[in-house]
Amino acid sequence: MSSQISGSHATAKVVFYNDPKFRSRFAQFLLLVAIGLFAYFAYENTSENLRKRNIAQGFGFWDVEAGFDISQTLIAYSAASSYGRAFWVGLLNTLLVSLVSIFFATILGFIIGILRLSRNWIVSRLAGIYIEVFRNIPLLLILYFWYGAVLGALPEPRDSLAIPGDIWLNNRGLLVPRPLITGDILYTVAALGIGIIGAYILARFARRRQAETGERLPVGWISTVLILGLPLLVYLGVGTPLGFDFPEKGRFNLTGGLNLAPEFVAMVVGLSTYTSAFIAETIRAGVLAVSKGQTEASQALGLSRGQTLRLVVVPQALRVIVPPLNSEYLSLTKNSSLGVSIGYPDLVNVFTGTVLNQTGQAIEMVSVTMLVYLTFSLLTSAFMNWFNKRVALVER
Amino acid sequence: MIQTRFMRETILPQEAAPHRTSGVLLWVRENLFSSVMNSVLTLLSLWALYATIPGLFQYLIVDAVWSANTGKECLLENVGRPVGVCWAFVTSHMGYFIYGQYPEAEWWRVDLFFAAEALGIVWLLWPNAPYKFAGIIYFFVIFPIIGFVSLTGSTMLGLTPVATNFWGGFLVTIVISTFGIVVSLPVGVLLALGRRSDMPIVRLVSVIFIEFVRGVPLITVLFMANVMFPLFLPDGWRPDSLLRVLVGVAFFFAAYMAEAVRGGLQAIPRGQYEAAQALGLGYWRMMIKIILPQALKIVIPNIVNNFIGLFKDTTLVAIVGIFDFLKTIQASLADPVWRAAGMPFAAYIFASLVFFVFCYGMARYSMWMEARLDTGKRH
């Protein structure tokens, strides 16, 4: 009986074009056809256009001599090097400016974020003004400002501005002492490695010991001694193998030292000031996300103010801060592509700019450049997934 | 059973009145000098303000030169007094910064476009404005037609055509950001729906598009629009250089809008979907009548924040040769008549002020809207 009813229900067929299953398959089929048609149309036109304009295809250009110079190179490069080499130079410049800017943006962002949280009204307001100013002005304008209005207005080399620590600033850039390796530095590096591993093992041991006996070890102090003291001892022991080449001021010019180009300085200052405003907001949001009850509970347990911050607030705030902080780092890396606007030789400038103009192979250049940035973003999201899994709240 | 009670038999002497719990002095003590560290910070800040503000005021306003015809007239030796910022550079180029090379006799058409846009924005963003649906139709259908006709011109209506290479300055910045929002919002909604669709191929295509675009910098998308799009089209079609950039910007921001809208879709409880289905509504009617009005309303702050990003990022089109607001300033700086020390500073301070006013205004609106929406949620 019941089977009969369900049977009759199933046979009450709808018209096929009203069947949701059919509709969904049909819509997806249409979408595929549309994408396929577009791809075919684009492919046909592109090959036709490339043939007419005599533009080569494929990656044959990779080993061809580039024939242009790049103002800042981290690896050996000259006009006689290949386009492939130019790619690596551009990529390394992008990574260099991103990493240095991330370093300064993080420090600046943390300081501004903490000042913004200060109970001191005037300090918190000033930090707020800093954040609002830099968040609401385009990055490109900030770069132009530092490059054109500030660095461009600096004096000639003979009137360089001196900054404590043997640093000189003029309209050709920033001169800093150049580190020189004069002896065997390997032992010091090895000592640093041993110190870090030792501190890690110690931290694990201390945690287990605390879990078992409730006694705490002064891990912070011992780790500091291990990580800083051990390499220092070795460094002094083998006879200070690191020296500096200090810039010296002559009558008209400065000699020696390491000259950082104004484009690089402008990129680092611009990216750091711009991103630090966003990082500061991230820090503030993270700390505010820890509920007041947590602070009150830890005070009720008798923890000091420092302990409350270190053991209760910061670990919970970090859980909230790290994911957006990572996307800030990623967008800083993507924003470093604006180097092209002030002539910093980053990947986009070298590859999508000069190499594209010389070879005309737009598709290859733009695709390779996009692929590089996509790789960065995939690596970042992989890290974020790993981190989220690690710190996710384990609830009952 | 012994009951013990303690009772005080003498009256305590009267305590002194408590310290004041309000007033300026208390506020100052609690907010500025609550500890040694705080006092040091306060004094440092006050000193920093004292050291910069009067000087800046002197430099930016008191000593500034407000009218001149060349850059040399702003120099110390020609003015005969200490000179500050040369605002004359800005005032004498104002027309160029706003309209680019748009013919001066036709500027009223640009003004009409600005007015039509302002009407649409106020209509949509003012929460109590009537006829919201008509406002949406106006902003996404009627206004683009008005804007297109008034800016490009039409011989039929007696408006002289103006080619896009004459457009420039703030006009182009507004055109790009407007086109960006008018196209990217509907496309973004479609992408967000696609990402949450039951159809695997639709979902896959949406996810790939969104994640791809969000993974690359805007500048590479602009390069793609500029050098790759023309290759995709038949040889005879030469798309306008402004149009290429417009398409690139719109597609780029569609991906970001999609993520903002997706957040709103996820916040709508399942019951809403089920109730709509129980009423017999199909997919599109359910979305348009029930889900999207609620979802879009709660993500207005996110959409506005995205729009701030879009507005700031329009400056990047200068890199592919479009004369937007910032590019007209750069071009004027290169003019030998105006080349003088301190000129870039004046120009960039002015540009920063303009961007700050617009972006900060939008940010305040978004914060206000967030607070407004939040009160509704607490019940």
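Residues numbered from 1 in each chain as written. Chains lettered and ligands numbered in written order. Predicted model: local features only at pLDDT ≥ 70, side-chain atom pairs only at ≥ 80, totals over all residues.

1. A few points about the overall build of chain A
Then comes step 1: For chain A, the count of helices and strands is 13 helices and 8 strands.
Then comes step 2: In terms of its C-alpha atoms, chain A occupies a principal-axis envelope of roughly 95 × 75 × 45 Å.
Then comes step 3: Counting over 396 residues, chain A shows a buried share of 29%. (Helix = DSSP H or I, 4+ residues; strand = E, 2+ residues; numbered from the N terminus. Buried ≥ 20, exposed ≤ 12 C-beta atoms within 10 Å, placed from the backbone.)

2. Examining the packing of helix α10 (residues 241-267) of chain B against helix α13 (residues 300-313) of chain B
All names here are of chain B.
Then comes step 1: Packing of α10 against α13 leaves a shortest axis separation of 9 Å and a crossing angle of 165°. Classified by the interaxial angle, the pair formed by α10 and α13 is roughly antiparallel. Every pair of crossing elements has a handedness; the one defined by α10 and α13 is right-handed. Here F253, Y256, M257, A260 and G263 of α10 lie close against α13, whose contacting residues are N302, I303, N306 and L310.
Then comes step 2: Class assignment for the residues of the contact of α10 with α13 results in 6 nonpolar, 3 polar and no charged. (Axes fitted to C-alpha atoms, helices over the stretch in contact; angles between N-to-C directions. Parallel < 35°, antiparallel > 145°, perpendicular 65-115°, else oblique. Left-handed = near helix turned anticlockwise from the far one by under 90°. Contact = placed C-beta atoms within 7 Å. Nonpolar A, V, L, I, M, F, W, Y, C, P; charged D, E, K, R; others polar.)

3. Topic: the pairing of strand β2 (residues 167-170) of chain A
Regular strands have side chains that alternate between both faces of the sheet.
Residues and elements named next belong to chain A.
Then comes step 1: In β2, alternate side chains face the same way, and those of W168 and N170 are buried while those of I167 and L169 on the opposite face are not.
Then comes step 2: Judged from the 3 bridges that link them, strand β1 (residues 161-163) and β2 form a sheet pairing that is antiparallel. Considered in β2, the bridge of I163 is made with I167.
Then comes step 3: Between β1 and β2, which pair antiparallel and follow one another directly, the connecting turn spans 3 residues, one of which, G165, has a positive phi of 100°. (Pairing = 2+ DSSP bridges.)

4. Details of the domain arrangement of chain A
Then comes step 1: When the domains of chain A are assigned, the result is domain 1 (83-176 + 246-391) and domain 2 (178-241).
Then comes step 2: Here the C-alpha centroids of domain 1 of chain A and domain 2 of chain A sit 29 Å apart. (Domains from an automatic or database assignment.)

5. Quick notes on the sheet that holds β2(A)
All names here are of chain A.
Then comes step 1: Read from one edge of the open sheet, 4 strands run β1-β2-β3-β8, paired in antiparallel fashion. A single partner strand is all that each edge strand has here, and the edge strands are β1 and β8 (258-260). This sheet shows a mean twist of 25° between the axes of neighbouring strands, independent of strand direction.
Then comes step 2: Where β2 lies against strand β3 (residues 173-176), 3 bridges are found, and the strand directions are antiparallel. Bridge pairing in β3 places W168 opposite L175.

6. Brief notes about the confidence of the model for chain A
Then comes step 1: Per-residue confidence for chain A gives a mean pLDDT of 84, with 95% of residues at or over 70.
Then comes step 2: Considering only residues more than four positions removed or in separate chains, one finds that residues 1-9 of chain A, a stretch of pLDDT under 50, has 0 contacts. (pLDDT = per-residue confidence, 0-100.)

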